[in-house]
Amino acid sequence: MGIKNLVGDLLGYGRCPVTNDTYWHADIVSVPYSENSGVLISARALNDVPKEKIADIVFRMGQRNRTIKNRYSIEQIANQIPKECRRLTTGL
């Protein structure tokens, strides 16, 4: 992952808030924290990180978006992982 992250950093790609992997050439999923909003994370996190930890990070990031009403609780987010996580393509 070191070289991949270095290249991603040089190209200006963001990083996953859970695994700290760059999004360059990564499988990405959206974890919802409300009905219409979610946080992008590396799909690898779904296999390597407990869903409770992912839910905690997603919940805290969702709290930053003050315009969203009816945010899910940490428990609701955790219960949606992985079945409600939407896989995205990076086009790379």
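Higher on the page you've got the structure.
Please read these numbers as outputs of a predicted model, since none were measured by experiment.

How each quantity is defined
Residues numbered from 1 in each chain as written. Predicted model: local features only at pLDDT ≥ 70, side-chain atom pairs only at ≥ 80, totals over all residues. Heavy atoms only, no water. Helix = DSSP H or I, 4+ residues; strand = E, 2+ residues; numbered from the N terminus. Buried < 20%, exposed > 50% of the residue type's maximum accessible area, 1.4 Å probe, protein only. Contact = heavy atoms within 4.5 Å. Polar contact = N/O pair within 3.5 Å; in protein donor to acceptor, adjacent residues only side chain to side chain.

Would you explain the side chain of Ser37 in this entry?
Its place among the elements puts Ser37 in the loop between β1 (28-32) and β2 (38-42). Residue Ser37 is classed as buried on the basis of its relative accessible area of 17%. The residues contacting Ser37, other than those within four sequence positions of it, are Pro32 and Ile68.

Just checking my understanding: could you explain the environment of Thr19 for this structure?
Along the chain, the position of Thr19 falls in the loop between α1 (2-10) and β1. Since its relative accessible area comes to 16%, Thr19 is described here as buried. What Thr19 contacts, discounting residues up to four positions off in sequence, is Ser42, Arg44, Ala45 and Val49. At a separation of 3.2 Å, a polar atom in the side chain of Thr19 contacts the main-chain amide nitrogen of Asp21.

Geometric values such as these leave the question of function open.
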